[in-house]
Amino acid sequence: MSAFPDYLLKLSVGLGVIALFYHLVLRKLTFYDANRTYLRLYSFLCFIFPIININHYIASEPTPARVFVQSVPTFTGITAPETLISPTDLPGGPVAAAGSWVLDATDWVLYIWLAGVVVMTFRLLVHIRSYLRIRSQSRLISNDGVKIFHFDLHMSPFSFGKAIFYNPHLHKPDELQDMILHEYIHVRQWHSLDVIWSEILCIINWFNPFAWLIRSAIRQNLEYIADQKVLENHPDTKAYQYLLLKAAIGPEFSLVNQFGYHSLKQRIVMMNKNASPRVLMACFLFILPLVAVVLAAFRWDLPGKGKKVINFYRTPVEVSVRKPKNLLHLSGVVMDGETGKPIANLPLKITHDEVYVKTISTDMDGFYFAELPATPEKGISHTYSIEYDGPNLYMQFSAGETYHGGFNFGERFEYHFIRKRAVPDLRNFYYSIDSKPFYDKYNPSNTRVQLKTYLLENIAPHKKEMALRVDYINTHRWSKDVITLYKGGYFDRKKQLVGYEGELNLFLDGKKATPREINEAFRNYPYFLNEDQEKRNFGGYSLCKEITYLTFPLYRDAPSAALVKGNVQVKDAQSFDPARLKNEPYLLDGFRQVYGASSNLIPEKQDIKRVMLLKGQLAKYYDPALNEIWWIETRPVNEVFGRPDFASK
């Protein structure tokens, strides 16, 4: 688990560089919009920097750039021994006593970090609850794009999201004009998103003072932006500054943009500061060399030929604790896909990290076996590959096994059903079987014989399925049906098995359907269905759990004005009940919503901005089977995909 604290440490260093550069170089410049972009962008990129390895791009040729980067020391985090979730997960590792649980340093790092995240998340939820309580106790007086609320609390005006709150009894009308303008700028520029991001940043990095420094900088810079916009049209800067001091009343609410808080002294200083010369915009470029140094420090040294770095991947499959620590058994059975008979004497080439090792052959039962040395290394992966690329009788196939420190390698053995090149409708298929039941009982002195017995004893279900595939291909030269049920298996137009009766659910236009209903819907469609007409939800071995068929497109470009005219009824969004969308067809912001093929969202009532009922030929433009379909909008007009020109209705 050492990769996780290593990642946190590198993330903290990245945030430190970004925070210090801002406070030492950018903070006193008056390029507030550029500072906003810098704080958002680079604080986000800090999460990506630790997983970028520039050695992959610079190490191939001995260029001068490489000399520079190699001069930067590698920033290595916690180097505790690599451990898995359980001490028994590492093949060949020490076996813990039954019921025992051992925690090392990296485990404690994770649990302490999680505890802090939980506390900080609870803190955020408390703030959200406080905001919702204030909102519920406030009176909505305006809803013209921006919602304005009145409350009776003794606190400074604030904004959050698309709402502004203030107490009209605490301020004079001429003061309220400036206050509302200030908060209106916060709303229009979506400053609440920056606030939320700063809170998330501190939830994840609660232990890091630089994260809190960035949070404070984000909040402060947002106030600079709003102050600057107000003063562009304000006749008296001093009066506005006095208003800031006067409005700082009541408690500070950290989740929202509050008019009279967030470093008033510094805000006043920045208001009186002369605008920075445009030439100083070049200061933003100086962060790029620092980013290059950070990436160089975060790099991983490239291992030798054929090696590569693995970050966080952990196999979810459990491997027996009796699995040899330094051995890998590359083993399986190769069968003729058409006849189901074993393929004997098939030459198989084995390579290690793309370097040839040896060639082995299958026996009379199609069984192959190789016992190979494996030395897992932390952070470095190696791969054994086995490949057939011989005469033209059979199609080429390959398989392999990758291993590295902390990885449960040797987790499966494989069955390969390969086809002759002369059988185009049949494909190569492979199945696998977990190795744990074998290793739990095996005798290391007789591995080959026991492993062959284990594989042959469990091959029957896979041979049966392959026989079903072949039988269908041989009995169905061409099927006009989109989906065919044959001997308990569902086959598509390409003659491929896609699922089994009782395990595969079929849907037509979002509703559960029978094969007959689906085939009738596409009776006059002679071609293979494309991905817009058929949505597959896969399970295992290329079989599906669900398939949704569509007779209409999920979205279309805006229709012509002639189709729109006379075929639109505008409805009142406030009185529209979204619950009816559960049973009636609709498009949401230009996209058709249907189970199994799209997001299938039903919008909240308060989010609905516009509602239209499309009728006649306009409805058929979106779905030929309909005479009416709802058009629902929750986004600004310019963000709705393929929006018809309703003005010409």
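That block above? That's the structure.
Predicted, not measured: the structure shown is a model, and the values here were computed from it.

Definitions and cut-offs
Residues numbered from 1 in each chain as written. Predicted model: local features only at pLDDT ≥ 70, side-chain atom pairs only at ≥ 80, totals over all residues. Heavy atoms only, no water. Helix = DSSP H or I, 4+ residues; strand = E, 2+ residues; numbered from the N terminus. Buried < 20%, exposed > 50% of the residue type's maximum accessible area, 1.4 Å probe, protein only. Areas by Shrake-Rupley, 256 points an atom, 1.4 Å probe, with all protein chains shown as cover. Pairing = 2+ DSSP bridges. Core = buried A, V, L, I, M, F, W, Y, C linked by side-chain atoms within 4.5 Å. Contact = heavy atoms within 4.5 Å. Phe/Tyr/Trp six-rings, centres within 6.5 Å; stacked < 30°, edge-to-face > 60°. Lys NZ or Arg CZ within 6 Å of the ring centre and 35° of its normal. Axes fitted to C-alpha atoms, helices over the stretch in contact; angles between N-to-C directions. Salt bridge = Lys/Arg side-chain N within 4 Å of Asp/Glu carboxyl O. Polar contact = N/O pair within 3.5 Å; in protein donor to acceptor, adjacent residues only side chain to side chain. Parallel < 35°, antiparallel > 145°, perpendicular 65-115°, else oblique. Left-handed = near helix turned anticlockwise from the far one by under 90°. Nonpolar A, V, L, I, M, F, W, Y, C, P; charged D, E, K, R; others polar. Arc of directions from axis to C-beta. 1 Å grid on protein atoms, 1.4 Å probe; cavity = no way out; pocket = protein on both sides within 12 Å on 5 of 7 lines; lining within 4 Å. Points joined across faces, edges and corners; volume = space filled by probe spheres on them.

A. Just the overall build of the protein chain, in detail. A count of helices and strands for the protein chain gives 17 helices and 26 strands. Residue burial in the protein chain is summarised as follows: out of 649 residues, 47% are buried. Total accessible area on the protein chain is roughly 32,700 Å²; 58% of this is exposed by carbon and sulfur atoms.

B. The sheet that holds strand β23 (residues 586-588), seen in detail. Spatially, the five strands line up as an open sheet ordered β22-β25-β26-β23-β24, and their pairing is mixed. Two strands bound the open sheet, and with one partner strand each, they are β22 (568-571) and β24 (591-592). Alignment of β23 against β24, held across two bridges, turns out to be antiparallel. Directly across from L587, in β24, lies its bridge partner R592.

C. Region of the structure containing the nonpolar core. Grouped together as the largest cluster of nonpolar side chains are 31 residues, with contacts concentrated most on L15, I18, L26, Y38, F49, I214 and I287. Discounting residues that sit within four places of it in the chain, F49 has contacts with V291, V294, L295 and F298.

D. Molecular detail of the packing of aromatic side chains. Applying the stated rule across the entire model yields 37 aromatic pairs. Ring geometry for F367 versus F369: centroids 6.4 Å apart, planes at 20 degrees, classification stacked. Owing to a relative accessible area of 13%, F369 belongs among the buried residues under this scheme. Among the aromatic residues, those joined into a ring-pair cluster are Y131, F149, F151, F158, F160 and F165. The positively charged end of R469 is found above the aromatic ring belonging to F429, 3.7 Å away from the centroid. When the ring centre of F552 is taken as reference, the NZ or CZ atom of R592 above it lies at 3.8 Å.

E. Geometry of the sheet that holds strand β13 (residues 412-418). If you walk across this open sheet you meet the four strands as β10-β7-β13-β14, and the pairing is mixed. Either end of the sheet is taken by a strand with one partner, and the two such strands are β10 (367-373) and β14 (429-434). The sheet shows a mean angle of 20 degrees between the axes of neighbouring strands, direction not considered. Summarising the sheet, β13 and β14 pair through six bridges and their orientation is antiparallel. By the bridge assignment for β14, R412 is matched with D434.

F. Seen up close, the pattern of salt bridges. Going through the model one piece at a time under the given rule, you end up with 22 salt bridges. The partner of D434 in a salt bridge is R412, and the shortest N-O contact between them spans 3.9 Å. A residue pair is termed long-range when its members are at least 10 positions apart, and D434 in strand β14 and R412 in strand β13 qualify at 22 residues. Between E633 and R610 there is a salt bridge whose closest N-O contact spans 2.3 Å. Of this pair, E633 sits in strand β26 (residues 628-633) while R610 sits in strand β25 (residues 610-615), and the two are 23 residues apart along the sequence. According to the relative accessible area criterion, R610 is partly exposed, its value standing at 22%. One network of salt bridges, with partners in common, ties together R36, R40 and D194.

G. Highlighting the environment of K571. Turning to its location among the elements, K571 is positioned in strand β22. The class for K571 is partly exposed, based on a relative accessible area of 33%. Sequence separation between K571 and L613 is 42 residues; the distance between their C-alpha atoms is 7.2 Å. Every residue in contact with K571, bar those within four places of it in the chain, is listed here: V611, L613 and W630. A polar atom in the side chain of K571 sits 3.1 Å from the side chain of Q569.

H. Representation of the packing of helix α2 (residues 32-45) against helix α8 (residues 209-231) in the model. Relative orientation of the contacting elements α2 and α8 amounts to 155 degrees, with a least axis distance of 9 Å. By the angle between their directions, the pair α2 and α8 is classed as roughly antiparallel. Along this stretch, α2 crosses α8, giving a crossing that reads as left-handed. Along its contact with α2, which presents Y32, D33, N35, R36, L39 and S43, the element α8 presents I214, A217, I218, N221, L222, Y224, I225, Q228 and K229. Of the residues contributing to the contact of α2 with α8, the split by class is eight nonpolar, four polar and three charged.

I. Quick peek at the pairing of strand β2 (residues 146-150). Within β2, four of the five residues are buried, which leaves it mostly tucked inside the rest of the structure. Examined bridge by bridge, strand β1 (residues 139-144) and β2 share five bridges and lie antiparallel to one another. From the neighbouring strand, N143 faces β2, where its bridge partner is K147. Taking the residues between adjacent antiparallel strands as the criterion, β1 and β2 are bridged by one residue, where G145 takes a positive phi near 85 degrees. The pairing of β2 with strand β4 (residues 163-166) spans four bridges and is classified as parallel. The residue bridging I148 from the neighbouring strand is I164, located in β4.

J. Main features of helix α13 (residues 447-457). Taken residue by residue, α13 has T447, L451, Y454 and L455 as its buried positions. Projected onto a plane normal to the axis of α13, the buried residues spread over an arc of 95 degrees and lie on a single side. Looking at the buried side of α13, the elements it contacts are β7 (327-336), β10, β13, β14 and α12 (436-441).

K. Layout of the layout of surface pockets. If you add up the space inside the largest pocket, you get close to 1,100 Å³. Around the largest pocket, the lining is made up of 30 residues, and of these K147, K162, Q606, D607 and K609 lie nearest the centre. Looking at the lining of the largest pocket, the elements that each hand over two or more residues are α5 (105-137), β1, β2, α6 (173-188) and α7 (191-204). Across the lining of the largest pocket, the residue classes tally to 13 nonpolar, seven polar and 10 charged.

L. Molecular detail of unusual backbone geometry. Its identity is not glycine, yet E354 carries a phi of approximately 70 degrees, on the positive side. By secondary structure assignment, the location of E354 is in the loop between β8 (347-352) and β9 (355-361). Its identity as a non-glycine residue notwithstanding, D509 has a phi of 55 degrees, on the positive side. Inspection of the secondary structure puts D509 in the loop between β18 (505-508) and β19 (511-512). Here D509 falls in the partly exposed class, since its relative accessible area comes to 24%.

M. The packing of α2 against α7, seen in detail. Direction vectors running N to C along α2 and α7 enclose 35 degrees, while the axes themselves pass 11 Å from each other. Every pair of crossing elements has a handedness; the one defined by α2 and α7 is left-handed. The segment α2 lies against α7, with R36, R40, S43 and F44 engaging H191, D194, W197 and L201. Per-class residue counts for the contact of α2 with α7 are three nonpolar, two polar and three charged.

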